Amino acid sequence: FPSHDNEGYQKGKCFYCFAPVSIVDNSNNLADVDHFFPRSLNDYIEGIDGVWNLVLSCHKCNRGENGKFDRLPNLKYLERLQVRNEFLIDSHHPLRETLITQTGTNKMGRQRFLQNNYNEVQRLLGVGTGKGWKPSIEYPIAF
């Protein structure tokens, strides 16, 4: 992820719970890079390692006792992923062109891309509508 400036990517907050995270190596709250759609579904989701599917996460959310691991996040986080990606595209962030190439040339196409992947992962994992992983605690919205 570009720069050591947390403001440039998720404002230095965990994607899921908004706890502070850092991208500086010697930090005690070093961020994990999490696959929103589980990496274990690589054979089913094209480009699963793409930046469109990668989020910064705190240790507790990514791998803690009640962490996400290979689970599908609740649907509300899909909208957050869409908003995050659109923010990076609209702000002409260095990842802009990569996100457009990976997810689509217009906002509606990108929304459809994410929703279609979400629907497929729900089907593959047997996750019912309105279900999905959520963190045990969520701090006030940061982005």
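Look up: the structure comes first, before these words.
Structural notes, computed from the coordinates. Predicted model only: the values in this text are computed from it and were never measured.

Let's shift gears to the packing of aromatic side chains. Scanning all chains against the criterion turns up eight aromatic pairs. Judged by centre distance (5.1 Å) and plane angle (90°), the ring pair of Phe15 and Tyr16 falls under edge-to-face. Given a relative accessible area of 0%, Phe15 falls into the buried group. On the basis of an interplanar angle of 80° and a centroid distance of 4.8 Å, the ring pair of Trp52 and Phe113 is categorised as edge-to-face. Of this pair, Trp52 sits in the loop between strand 1 (32–35) and strand 2 (54–57) while Phe113 sits in helix 4 (residues 107–125), placing them 61 residues apart in sequence. An aromatic cluster is built from Phe15, Tyr16, Phe36, Phe37, Trp52, Tyr77, Phe113, Tyr118 and Trp133, whose rings are joined through pairwise contacts.

Right, let's get into the environment of Trp52. Take Trp52: its relative accessible area is 1%, and that puts it in the buried class. Here Gly47 takes part through its backbone oxygen, which lies 2.9 Å from a polar atom of the side chain of Trp52.

Our next topic: the packing of helix 3 (residues 96–103) against helix 4. Contact geometry of helix 3 with helix 4 gives a least axis separation of 9 Å together with a crossing angle of 65°. Helix 3 and helix 4 meet at a crossing whose hand is left-handed. Between helix 3 and helix 4, the residues in contact are Ile100, Gln102 and Thr103 and Gly109, Arg110 and Phe113, respectively. Here the contact of helix 3 with helix 4 is composed, by residue class, of two nonpolar, three polar and one charged.

Calculation criteria
- Residues numbered from 1 in each chain as written.
- Predicted model: local features only at pLDDT ≥ 70, side-chain atom pairs only at ≥ 80, totals over all residues.
- Heavy atoms only, no water.
- Phe/Tyr/Trp six-rings, centres within 6.5 Å; stacked < 30°, edge-to-face > 60°.
- Buried < 20%, exposed > 50% of the residue type's maximum accessible area, 1.4 Å probe, protein only.
- Helix = DSSP H or I, 4+ residues; strand = E, 2+ residues; numbered from the N terminus.
- Polar contact = N/O pair within 3.5 Å; in protein donor to acceptor, adjacent residues only side chain to side chain.
- Axes fitted to C-alpha atoms, helices over the stretch in contact; angles between N-to-C directions.
- Left-handed = near helix turned anticlockwise from the far one by under 90°.
- Contact = heavy atoms within 4.5 Å.
- Nonpolar A, V, L, I, M, F, W, Y, C, P; charged D, E, K, R; others polar.

These values are about where atoms sit, not about what they do.
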